[in-house]
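One letter stands for each residue in the lines below.
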2 protein chains.
Amino acid sequence: MFKADTLYFNGYIYFTAFKKFVYGYFSVKGDRILHLGAGEVPDDVKYENKTDLGGKYVIPGLIDCHMHIESSMITPKTFARVMVENGVTTVVSEPHEIANVKGLSGVLAMIEAGRGADMDIFYAIPSSVPSTDAEHETTGDIIDLDAVKELIKHKEVICLGEVMNTNGVLNNPRDRQLEFVNYLKENRPDMPLEGHVPRISGTDLNHYVYTGINSDHTDHGYDEFMHRMMNGVFYQIQYITAKEEIAKAIEEYSLYENVAIVTDDTPPSTLMEKGHLNRVIMYMTELGMKFENALYCATATPAKRMHLYDRGRLTPGMLADFCILENTDGIKPLQTYKNGKIVYDRAEVNSYADCKGAFPKDFYETMKLGKLSESDFDFKEDKPNGTYTVNGLQTVYESTRTPKFSQKAEIINGIVALPEGTNKLFVFERHGKNGNVKAALAGGKCVVKGGAVATSYAHDHHNLVVLGDNNRDMAVAANTVIDNRGGFCVVSGGKVIAQCRLEVCGLMSERSPLEVAKDIEAVEEAMRSIGYESYDPIMSIGTMCLPVSMECKLTDMGLFDVPNSKFIPIVE
Amino acid sequence: MFKADTLYFNGYIYFTAFKKFVYGYFSVKGDRILHLGAGEVPDDVKYENKTDLGGKYVIPGLIDCHMHIESSMITPKTFARVMVENGVTTVVSEPHEIANVKGLSGVLAMIEAGRGADMDIFYAIPSSVPSTDAEHETTGDIIDLDAVKELIKHKEVICLGEVMNTNGVLNNPRDRQLEFVNYLKENRPDMPLEGHVPRISGTDLNHYVYTGINSDHTDHGYDEFMHRMMNGVFYQIQYITAKEEIAKAIEEYSLYENVAIVTDDTPPSTLMEKGHLNRVIMYMTELGMKFENALYCATATPAKRMHLYDRGRLTPGMLADFCILENTDGIKPLQTYKNGKIVYDRAEVNSYADCKGAFPKDFYETMKLGKLSESDFDFKEDKPNGTYTVNGLQTVYESTRTPKFSQKAEIINGIVALPEGTNKLFVFERHGKNGNVKAALAGGKCVVKGGAVATSYAHDHHNLVVLGDNNRDMAVAANTVIDNRGGFCVVSGGKVIAQCRLEVCGLMSERSPLEVAKDIEAVEEAMRSIGYESYDPIMSIGTMCLPVSMECKLTDMGLFDVPNSKFIPIVE
């Protein structure tokens, strides 16, 4: 009745209750932990096989409770293989990228595509699809209350994903996301309601949390962090928001139950070169957290937050998800086990090759655009010949913030002549909904010279975005992305100098993550080589058309003034 | 949209995340907390009314996650009134006493009787009814898997109650309680599975916890406590198990998430004179816990353990369950609020008078026995005249442990002549099932001289138990309990010298808790006055017939050898 399959002995095991490594042993029976103890193995422990840990360290499998698989541009099962290399055995992914292209069916296809993966993949209900509403942008589909009601029937769906429209939550009692929140509070009170709460604090934060949404993963300093703790907000800290003052506060006030370490977005290049949640954990230790405490915030704490009662610690009855480490200087597993079975062994070559065709056929045909001609890139404005003020985006190097840009330009025979040093920014609706096309000027640092960049990975609607200074290169870039069924393309002097194929919904590729990472690096390099100056070219061009990002953005419906939530004329 | 009903300001509020009192304010809107902040109230906080806390202290309503209402011998709504006086606003009660009398209908009647109470009453599924099995004792009813399936449909039922048969769990794969455990793991993985794990440790404890049962509230020293922590066992500490070495261990290892402070059984006299959970919290501080930390273990921690996500801390969106205290030297609420409404005000007289008739009619008619005659108390043994070894219970002052007792006695005309200094112990099946009657000897400290004691409150089957040294007094005591429809009676020299009527199932009374407490004290005093020497007379006589309590007990089926789980002859 209580005979273990395998006994692991002579190692240092992470004892979660004490946040300490203790010399001892544990055993696995089926998919669960059976025995656990300090010191030598007593005679009354029965087992089939035994493994000598040789003084190595054992930690629970890492749990990432806020992230987006699509950001890594690879598909769930392949992504899972990369995760177990990094010690991650459970993630909660918020699939709003694919939901913007394919709606409910997109989320269900992600669930299907992840079945049989090397780790457990849970999902958050994408609460913000579209990011604003159907009057401001055209998406492939939307997530409405009916979709929410369908999603909660699936055991993989365990929380409401980040509610991003703080303005709506605070000021509009009929806000769509509040509708979801109230429905779930009534019908699924067990579901965590995840937030996205930049800036707001004080009484507004009280009001926001009062609605029942009580987590945040946006950037804050010490005061705002402590204010969130006071309000009972669960804080998810990631690489870009991690800072010493917060690491120290967590230690000073023992906030290990209130803070989880997460990844949010991990681009393919970072993923394959620097790692994932393991990297963020080690970064938190560099900033002042004790390793054992940071580990707790990436195992026990996220499990509790997501009400996953069967994991997060290595005690009898829990799932046997664990990693064996050489030492605690880093988290580079020698082996990773999921449900008691080995899913990664550093001694063996990991293959990524057999996850093709995991999605329905139509998910590979989402670029619903015909071949574009050079004339499609004429910046048309139906005005008498003359000089006009033409509007667009002012881009900067250090962030994705784009204030309104205005410049005098000639219009000749209904076509805007591009002023020196500027680019044309085009958005082509690509979901086969209405064929909208809109163009505006782009100025500042993130422009190219003698070339073009095109992408289907344009947050969050993911229409086809093309930036450039001449029709020929723009047409080549756009058609390459269309031919590739999605992705990125950089063109210079009529030639493709870099591309990355993302054939699944124009967001992800089923190719090897190594290839995808290599391609994305090449795209970034190529963009820089033709003058595009940004701390993160992929994120920069990907957010030029996101109408919830500050401050002036172009959608397929026009030039959008985000703070005032209204369209503004492109030519005055 | 965010205007509070009432603002409370100028007080010290318990900030759960920091386990600290902070000077500040909070507000209530409907049944929830809306605002919370440190310092003075900002201008943007909107409210209808305000209350000056005058520098007083505010704590979250206390939560007791392991207790039995029946132990206090009063009914749910009345019990709730006493609870809010003591600062308790939520309890999780395990109703196995009433379930032994009335089965499923008993638990459902408790739920009904508690509707509209001043606090929230949740229930644990009684997992151990009967305590052993139908071959060892006759109960009024049983809880089987069908009853479990019915109970989990009720939102008030939130966990599986203490699984007491550790022997069955460890050695019998077909154990009834394991059947419940496995059913719930499959069908209600969100339900905590509560344990009762005396003695066992080491590998056996691994095995016990592996089943999924992962809490304990029995008595342990430092090593066993730490061993439970290592195994991921949630420990519930109560007054009788509290000790300095454990209080210190909780502080040393910050085990605030792993330990809850609970009450388990609180007799009426203790309840009305010394308090409830508030008393245990203060006792833990006397033993070395910081007040703020002990408070956390009786608010935030039990809420998490029981997956009650809407309470346990005073933050926006949580239920407005709180107490206002003069100071933190003790927990004697000036006012207690539940769901934002005041339910107790020390300045007003608390009435207990209007909770009569809360149960179905047949719950008041559970003493299914006719009037007993003196001859019914002849200790009959069908043997030829002579001297025999007669067996029974050896009672002691300091515990409920009763080893086997044997003494030579004369049998004349088929009736045992009571040896000097001993008593007769009778058990009459009183549920109308089979009319079983059994008698044995009782020796040692817990016997009476020239009198008798009778009770219907006999763990767990609650048959009629009568102890005495003469037929007349035993008949008077028994008939008084029967006439009272249950309770306790003490008789001396043919006269009733104390009694307590427990008319609901022979377990509880709908009278004022003050009267019930007074009566029970009188019963204890009367028992002592006729020679009954025990640290706790009520618990002592109430466990003489409990076949899971060590070590030799009398049921309506005979004299039971608990360690060997078999009946032994009364006369050899």
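1. Re the relation of the copies chain A and chain B
Then, number 1: Overlaying chain A on chain B yields an RMSD of 0.2 Å, the required transformation being a rotation through 180 degrees with an accompanying axial translation of 0.0 Å. Here the copies are linked by what is in effect a two-fold axis.

2. Comments concerning the side chain of Asn470(B)
Residues and elements named next belong to chain B.
Then, number 1: Positionally, Asn 470 belongs in the loop between strand E23 (464-468) and helix H13 (471-483).
Then, number 2: Polar contacts involving the side chain of Asn 470 include one to the side chain of Asp 469, which spans 2.9 Å.
Then, number 3: Setting aside chain neighbours within four positions, we find Asn 470 in contact with Gly 450 and Gly 451.

3. Topic: the sheet that holds strand E6 (residues 62-67) of chain B
Residues and elements named next belong to chain B.
Then, number 1: Pairing in this open sheet of five strands is parallel, and the strands run E6-E7-E8-E9-E10 from one edge to the other. A strand with exactly one partner marks an edge of an open sheet, and here the two such strands are E6 and strand E10 (193-195). Ignoring strand direction, the axes of neighbouring strands in this sheet form an average angle of 30 degrees.
Then, number 2: Inspection of the sheet shows strand E9 (residues 157-163) paired to E10 by two bridges, in the parallel sense. What sits directly across from Leu 160, in E10, is Leu 193.
Then, number 3: Each of strand E8 (120-125), E9 and E10 is contacted by helix H5 (residues 176-187), which is oriented at about 150 degrees to E9, the strand it contacts most.

4. Looking at the pattern of salt bridges
Residue and element names in this part refer to chain A.
Then, number 1: All told, the structure shown has 56 salt bridges over all chains when counted by the stated rule.
Then, number 2: A salt bridge links Asp 310 to Arg 311, with the shortest nitrogen-to-oxygen separation between them at 2.8 Å.
Then, number 3: By relative accessible area, which is 8% here, Arg 311 ends up buried.
Then, number 4: Residues joined by salt bridges that share partners form a network here, namely Asp 120, Asp 310, Arg 311, Asp 321 and Lys 338.

5. Overview of the packing of aromatic side chains
Then, number 1: A full pass over the atoms with the stated rule returns 38 aromatic pairs over all chains.
Then, number 2: Taken together, a centroid distance of 5.8 Å and an interplanar angle of 75 degrees make the contact between Tyr8(B) and Tyr337(B) edge-to-face. Within this pair, whereas Tyr8(B) is found in strand E1 (residues 4-15), its partner Tyr337(B) is found in strand E15 (residues 335-338), the two being separated by 329 residues in sequence. Like Tyr337(B), Tyr8(B) is buried.
Then, number 3: Pairwise contacts between aromatic rings join Tyr12(A), Tyr14(A), Phe21(A), Tyr23(A), Tyr57(A) and Phe291(A) into one cluster.

6. Brief notes about the nonpolar core
Then, number 1: Phe26(A), Phe322(A), Phe225(B), Ile261(B), Phe359(B), Leu464(B) and Phe488(B) are the most contacted members of the largest nonpolar core, which totals 179 residues.
Then, number 2: By residue number, the principal contributor to this core is helix H2 (residues 96-113) of chain B, which donates eight residues.
Then, number 3: The contact partners of Leu464(B), leaving out residues within four places of it in the chain, are Met367(B), Leu369(B), Leu372(B), Phe426(B), Val427(B), Phe428(B), Arg430(B), Thr455(B), Ser456(B), Ala478(B), Val481(B) and Ile482(B).
Then, number 4: In this structure, Val101(A), Val181(A), Met191(A) and Ile281(A) belong to the second largest nonpolar core, which totals 178 residues.

7. Concerning the sheet that holds strand E19 (residues 415-416) of chain B
Sheet strands associate in pairs through backbone hydrogen bonding, adopting either a parallel or an antiparallel arrangement.
Residues and elements named next belong to chain B.
Then, number 1: Pairing is mixed in the open sheet, where nine strands are placed in the order E19-E18-E17-E21-E20-E23-E22-E24-E25. With one partner strand each, in any of the chains shown, E19 and strand E25 (495-501) form the two edges of the open sheet.
Then, number 2: Pairing geometry for strand E22 (residues 451-455) and E23, over four bridges, is antiparallel. By the bridge assignment for E23, Ala 454 is matched with Val 466.

8. Some details on the packing of helix H7 (residues 222-230) of chain B against helix H8 (residues 244-252) of chain B
Residue and element names in this part refer to chain B.
Then, number 1: Contact pair H7 / H8: the axes reach a minimum separation of 9 Å and the direction vectors enclose 35 degrees. When you trace H7 past H8, the crossing you get is right-handed. Across the interface between the two elements, Tyr 222, Phe 225 and Met 226 from H7 touch Glu 245, Ile 246, Ala 249 and Ile 250 from H8.
Then, number 2: A per-class count over the contact of H7 with H8 returns six nonpolar, no polar and one charged.

9. Considering the side chain of Thr139(B)
All names here are of chain B.
Then, number 1: Along the polypeptide, Thr 139 turns up in the loop between E8 and helix H3 (145-151).
Then, number 2: Under the relative-accessibility criterion, Thr 139 is labelled buried at 8%.
Then, number 3: Reaching out from Thr 139, the side chain makes a polar contact with the backbone oxygen of Asp 141 at a distance of 2.8 Å.

10. Thoughts on the environment of Ala303(B)
Residues and elements named next belong to chain B.
Then, number 1: Checked against the element boundaries, Ala 303 lands in helix H12 (residues 300-305).
Then, number 2: Sequence separation between Ala 303 and Cys 323 is 20 residues; the distance between their C-alpha atoms is 17 Å.
Then, number 3: With sequence-adjacent residues up to four places away left out, Ala 303 is seen in contact with Ile 63, Leu 308, Arg 311 and Gly 312.

11. So, the environment of Gly11(A)
Residues and elements named next belong to chain A.
Then, number 1: If you trace the backbone, Gly 11 turns up in strand E1 (residues 4-15).
Then, number 2: In this structure the C-alpha to C-alpha distance between Gly 11 and Glu 40, which are 29 residues apart in sequence, comes to 10.0 Å.
Then, number 3: Setting aside its immediate chain neighbours within four residues, Gly 11 contacts Val 22, Tyr 23, Gly 24, Leu 53, Gly 55 and Lys 56.

12. A closer look at the pairing of strand E22 (residues 451-455) of chain A
Then, number 1: Buried residues dominate E22(A), accounting for five of its five residues.
Then, number 2: Alternating positions in E22(A) separate into two faces, Gly451(A), Val453(A) and Thr455(A) on one and Ala452(A) and Ala454(A) on the other, with burial throughout.

13. Quick look at the interface of chain A and chain B
Then, number 1: In this complex, chain A contributes 48 residues to the contact, which on the side of chain B involves 48 residues.
Then, number 2: Linking chain A with chain B are zero salt bridges.
Then, number 3: The interface formed by chain A and chain B contains nine residue pairs in polar contact (both at pLDDT 80 or more).
Then, number 4: Considering every element that reaches the side of chain A that touches chain B, the biggest residue donor is strand E3 (residues 32-38) of chain A, with seven residues.
Then, number 5: Looking at the side of chain A that touches chain B residue by residue, the class counts come to 25 nonpolar, 15 polar and eight charged.

14. Details of helix H1 (residues 76-85) of chain A
All names here are of chain A.
Then, number 1: The element H1 is largely enclosed, with a buried count of eight among its 10 residues.
Then, number 2: Listed in full, the buried residues belonging to H1 are Pro 76, Thr 78, Phe 79, Ala 80, Arg 81, Val 82, Met 83 and Val 84.
Then, number 3: At the exit of H1 stands Gly 87, carrying a positive phi of roughly 85 degrees.

15. Some thoughts on the confidence of the model for chain A
Caution applies to low-pLDDT parts of the model: their predicted coordinates are not meant to be read in detail.
Then, number 1: With 100% of its residues at a pLDDT of 70 or more, chain A shows a mean pLDDT of 96.
Then, number 2: Quick note on the complex model: pTM equals 0.96, ipTM equals 0.94.

16. Let's talk about the environment of Asn167(B)
All names here are of chain B.
Then, number 1: Within the secondary structure, Asn 167 sits in helix H4 (residues 166-171).
Then, number 2: We classify Asn 167 as exposed; its relative accessible area is 51%.
Then, number 3: Here the side chain of Asn 167 touches Asn 171 through a polar contact of 2.7 Å, side chain to side chain.

17. What about the pairing of strand E12 (residues 234-237) of chain B?
Residue and element names in this part refer to chain B.
Then, number 1: Because side chains alternate across E12, one face comprises the buried residues Phe 234 and Gln 236, and the other comprises Tyr 235 and Ile 237, equally buried.
Then, number 2: Two elements, strand E11 (residues 215-216) and E12, share two bridges in a ladder whose sense is parallel. Paired with Asp 216 across the bridge in E12 is Tyr 235.
Then, number 3: In this view, the connection linking E11 to its parallel neighbour E12 by way of H7 has right-handed handedness.
Then, number 4: Alignment of E12 against strand E13 (residues 259-261), held across three bridges, turns out to be parallel. Note on E13: the bridge partner recorded for Gln 236 is Ala 260.

Each value, and the rule that gives it
- Residues numbered from 1 in each chain as written.
- Chains lettered and ligands numbered in written order.
- Predicted model: local features only at pLDDT ≥ 70, side-chain atom pairs only at ≥ 80, totals over all residues.
- Heavy atoms only, no water.
- Least-squares fit on C-alpha atoms with pLDDT ≥ 70 in both.
- Helix = DSSP H or I, 4+ residues; strand = E, 2+ residues; numbered from the N terminus.
- Polar contact = N/O pair within 3.5 Å; in protein donor to acceptor, adjacent residues only side chain to side chain.
- Contact = heavy atoms within 4.5 Å.
- Pairing = 2+ DSSP bridges.
- Axes fitted to C-alpha atoms, helices over the stretch in contact; angles between N-to-C directions.
- Salt bridge = Lys/Arg side-chain N within 4 Å of Asp/Glu carboxyl O.
- Buried < 20%, exposed > 50% of the residue type's maximum accessible area, 1.4 Å probe, protein only.
- Phe/Tyr/Trp six-rings, centres within 6.5 Å; stacked < 30°, edge-to-face > 60°.
- Core = buried A, V, L, I, M, F, W, Y, C linked by side-chain atoms within 4.5 Å.
- Left-handed = near helix turned anticlockwise from the far one by under 90°.
- Nonpolar A, V, L, I, M, F, W, Y, C, P; charged D, E, K, R; others polar.
- pLDDT = per-residue confidence, 0-100.
- Right-handed = clockwise from strand over helix to strand, strands pointing away.

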